[in-house]
Amino acid sequence: MRTDLLATLLFATVLCAARTLSAQDRLFVSAQLTPAGEYTSEIEGPAVDAAGNLYAVNLHRAGTIGEFTPGAGTSRLFATLPDGSIGSGIRFDREQRMYVADYRRHNIFVFDLGADTPKLYFHSSDFSQPNDLAMARDGTLFASDPDFARHTGRVWRIDRAVDGATGAPMHSARPMGEANGIDLSPDGATLYVSETDTREIWAYRIDGNALTHPRLVVRFPTSKLDGLRTDRAGRLFVARPGNGTVAIVSPAGD
């Protein structure tokens with residue numbers, strides 16, 4: 001789980017692009033947006049909707065979702081999950097529905113646009129604990145599923161269906177470590193996965209329910225990895241909570 005320091009860094013990465021160093025390079029500078037202690041030590045997410053509102057889980061207590069609007073000094077309570085559920089990754093689809101991974105009860109919840117009450121989108125008792133989410137253009141969800149006790153992990157593919165969604169673990173010839181951060185390349189053909197324990201980022205090609213052509217993008221010498229996001233240029237932003245930084249990595253591993 002991320003600490004308050006890590007969340008602050010990620011919030012700032014999402015919201016605070018600072019001065020331009022050159023035409024090709026941009027530096028991101030962190031700045032504290034929310035009061036210390038507003039979220040619990042299990043703060044996760046974050047995700048931004050089309051209006052620029054920032055959402056993260058566990059505002060004041062476990063099982064909640066907080067909303068931070070541009071220019072606000074504090075977060076407000078957006079929603080409370082069902083009893084026993086604790087959120088983790090958050091994603092929005094192109095219709096601005098919000099999806100939330102519930103690692104405690106093995107659910108994926110969805111919030112319709114304008115709603116603050118979650119609906120069950122997908123559940124499986126075979127989850128170890130759904131952690132982070134990636135969203136394809138067609139609405140397909142990919143969920144990382146780390147097993148921290150066994151130092152292993154999987155990725156689930158969750159497809160839309162008439163009555164909700166269907167999902168299953170994806171096949172991969174390469175055994176994964178603790179799959180944590182997850183995101184797609186801009187063209188949607190490559191899935192990037194950060195592994196907490198190995199400190200590695202791997203790239204996979206998506207072929208139906210299979211993850212093929214595994215490629216090691218980068219391995220960090222120290223500090224475990226957490227959340228991962230890509231930008232429109234294909235760069236990867238990966239949280240390194242052990243040293244309080246966010247690394248920027250090219251698809252080639254630079």
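As a reminder, the structure under discussion sits directly above these lines.
Below or above, wherever it landed, is the structure these notes cover.

About the criteria used
Residues numbered from 1 in each chain as written. Predicted model: local features only at pLDDT ≥ 70, side-chain atom pairs only at ≥ 80, totals over all residues. Heavy atoms only, no water. Helix = DSSP H or I, 4+ residues; strand = E, 2+ residues; numbered from the N terminus. Buried < 20%, exposed > 50% of the residue type's maximum accessible area, 1.4 Å probe, protein only. Contact = heavy atoms within 4.5 Å. Areas by Shrake-Rupley, 256 points an atom, 1.4 Å probe, with all protein chains shown as cover. Polar contact = N/O pair within 3.5 Å; in protein donor to acceptor, adjacent residues only side chain to side chain. Phe/Tyr/Trp six-rings, centres within 6.5 Å; stacked < 30°, edge-to-face > 60°. Pairing = 2+ DSSP bridges. Axes fitted to C-alpha atoms, helices over the stretch in contact; angles between N-to-C directions.

A few points about the overall build of the chain
Moving on, step 1. When helices and strands are counted, the chain shows one helix and 22 strands.
Moving on, step 2. Counting across all 254 residues of the chain, residues that qualify as buried make up 51%.
Moving on, step 3. In the chain, the proportion of contacts linking residues at least 24 apart, taken out of those at least 6 apart, comes to 42%.
Moving on, step 4. Within the structure as shown, the chain displays about 11,500 Å² of accessible surface, and the carbon and sulfur contribution to it stands at 52%.

Comments concerning unusual backbone geometry
Moving on, step 1. At His-106, a residue that is not glycine, the phi angle is positive and equals roughly 65°.
Moving on, step 2. Positioned with a positive phi, His-213 is a non-glycine residue whose angle comes to about 50°.
Moving on, step 3. Position of His-213 among the secondary structure elements: in strand S19 (residues 210-219).

Some remarks on the side chain of Ser-85
Moving on, step 1. Inspection of the secondary structure puts Ser-85 in the loop between strand S6 (76-80) and strand S7 (87-92).
Moving on, step 2. Judged by relative accessible area, Ser-85 falls into the buried class, the value being 6%.
Moving on, step 3. A distance of 2.7 Å separates polar atoms of two side chains, one belonging to Ser-85 and the other to Asp-102.
Moving on, step 4. Other than its neighbours up to four places away in sequence, Ser-85 contacts Gly-63, Asp-102, Arg-104, Arg-105, Asn-107 and Phe-109.

Here we look at the packing of aromatic side chains
Moving on, step 1. Under the definition given, this model contains seven aromatic pairs.
Moving on, step 2. Their ring planes at 35° and their centres at 4.2 Å tell us that Phe-127 and Trp-156 sit as a pair that is tilted. Linking Phe-127 in the loop between strand S10 (119-123) and strand S11 (133-135) with Trp-156 in strand S13 (residues 152-161), this pair joins segments that are 29 residues apart in sequence. Judged on exposure class, the residue Phe-127 and its partner Trp-156 are both buried.
Moving on, step 3. A connected cluster of aromatic rings, assembled from ring pairs, spans Tyr-55, Phe-78, Phe-92 and Phe-111.

A closer look at the sheet that holds S6
Moving on, step 1. Ordered by their spatial adjacency, four strands build an open sheet running S3-S4-S5-S6, and the pairing between neighbours is antiparallel. The sheet terminates laterally at strand S3 (39-48) and S6, the two strands that pair on one side only. Direction aside, the axes of adjacent strands within the sheet are offset by 30° on average.
Moving on, step 2. As paired strands, strand S4 (residues 54-59) and strand S5 (residues 64-68) are joined by four bridges and run antiparallel to one another. Its bridge partner lying in S5, Ala-56 is registered against Gly-66.

Some words on the pairing of strand S17 (residues 190-195)
Moving on, step 1. With six of six residues buried, S17 is to be regarded as a mostly interior element.
Moving on, step 2. Burial along S17 is two-sided: Thr-190, Tyr-192 and Ser-194 facing one way and Leu-191, Val-193 and Glu-195 facing the other are all buried.
Moving on, step 3. Hairpin connection between strand S16 (residues 179-184) and S17: a loop of five residues separates the two successive antiparallel strands, and Gly-188 in this loop has a positive phi of roughly 75°.
Moving on, step 4. Bridge count for S17 against strand S18 (residues 200-207) is six bridges, and the pairing is antiparallel. The residue bridging Val-193 from the neighbouring strand is Trp-202, located in S18.
Moving on, step 5. The antiparallel hairpin formed by S17 and S18 contains four residues in its connecting segment, where Arg-199 sits at a positive phi of about 60°.

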